[in-house]
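Notes for the structure review
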Amino acid sequence: MITVGFTPEFFRKLKRLGPQLQESAFKKIELFRNRSNHNRLEVHKLHGKYAGFFGFSIDRKNRIMFEWISNDEARLHTIGDHDIYN
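Presented here is an overview of the structure given in this document. (Residues numbered from 1 in each chain as written. Predicted model: local features only at pLDDT ≥ 70, side-chain atom pairs only at ≥ 80, totals over all residues. Heavy atoms only, no water.)

So, the packing of helix α1 (residues 8-15) against helix α2 (residues 19-32)
As a packed pair, α1 and α2 sit with axes 10 Å apart at the nearest point and diverge in direction by 140 degrees. It follows that α1 is oblique to α2 by the angle criterion. The handedness of the crossing between α1 and α2 comes out as right-handed. Contact residues: α1 offers Phe10, Leu14 and Lys15, while α2 offers Gln22, Ala25, Phe26 and Ile29. When the residues that make up the contact of α1 with α2 are grouped by side-chain class, the tally is five nonpolar, one polar and one charged. (Axes fitted to C-alpha atoms, helices over the stretch in contact; angles between N-to-C directions. Helix = DSSP H or I, 4+ residues; strand = E, 2+ residues; numbered from the N terminus. Parallel < 35°, antiparallel > 145°, perpendicular 65-115°, else oblique. Left-handed = near helix turned anticlockwise from the far one by under 90°. Contact = heavy atoms within 4.5 Å. Nonpolar A, V, L, I, M, F, W, Y, C, P; charged D, E, K, R; others polar.)

Description of the pattern of salt bridges
On inspection of all chains with the given rule, the structure shows four salt bridges. The salt bridge partner of Lys27 is Glu23, with a shortest N-O separation of 3.2 Å. Here Lys27 pairs with Glu23, and both are found in helix α2, just four residues apart, close to one helical turn. Residue classification places Lys27 among the exposed positions, given a relative accessible area of 51%. Since its relative accessible area comes to 47%, Glu23 is described here as partly exposed. The closest approach of N and O atoms between Arg75 and Glu67, which form a salt bridge, is 3.1 Å. The exposure class assigned to Arg75 is partly exposed, which follows from its relative accessible area of 33%. (Salt bridge = Lys/Arg side-chain N within 4 Å of Asp/Glu carboxyl O. Buried < 20%, exposed > 50% of the residue type's maximum accessible area, 1.4 Å probe, protein only.)

Re the nonpolar core
Judged by nonpolar contacts, the single largest core of 18 residues is most densely connected at Phe32, Phe56, Ile64, Leu76 and Ile79. Among the elements that line this core, the one with the most residues is α2, at four residues. Non-local contacts of Leu76, meaning those with residues more than four positions away in its chain, are made with Val4, Gly5, Phe6, Thr7, Phe10, Ile29, Phe56, Ile64, Met65 and Phe66. (Core = buried A, V, L, I, M, F, W, Y, C linked by side-chain atoms within 4.5 Å.)

Some remarks on the sheet that holds strand β5 (residues 73-81)
Taken together, the five strands give an open sheet; going across it, the order is β1-β5-β4-β3-β2, and neighbouring strands pair in mixed fashion. In the strand order of this sheet, the two ends are held by β1 (3-6) and β2 (44-45), each with one partner. Pairing of strand β3 (residues 54-57) with strand β4 (residues 62-70), which is carried by four bridges, proceeds in the antiparallel orientation. The residue bridging Phe56 from the neighbouring strand is Ile64, located in β4. Where α1 meets the sheet, it contacts β1, β4 and β5, and its direction lies at approximately 35 degrees from that of β5. (Pairing = 2+ DSSP bridges.)

Comments concerning the side chain of Asn62
The topology assignment puts Asn62 in strand β4. For Asn62, a relative accessible area of 9% gives the class buried. A distance of 3.3 Å separates a polar atom in the side chain of Asn62 from the backbone nitrogen of Asp81. (Polar contact = N/O pair within 3.5 Å; in protein donor to acceptor, adjacent residues only side chain to side chain.)

This is the structure we're talking about:
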């Protein structure tokens, strides 16, 4: 299982989302903790100014951006629609 940490920015952005989207996000985070779900979540490497970071899908519009701290630990940085990549 992957240990997941959170940044203060992640929680600030999470509070701005509606209750249903927050619930979906926590369900996806729970899935993310098991590597066998990463294809299903569309975990992908980011490029450009976010090289070294990764993202995964909550739904068709919203994503979570994270970084690997170690092989079994990730820190979630932010959450939101594709604008988080700008």
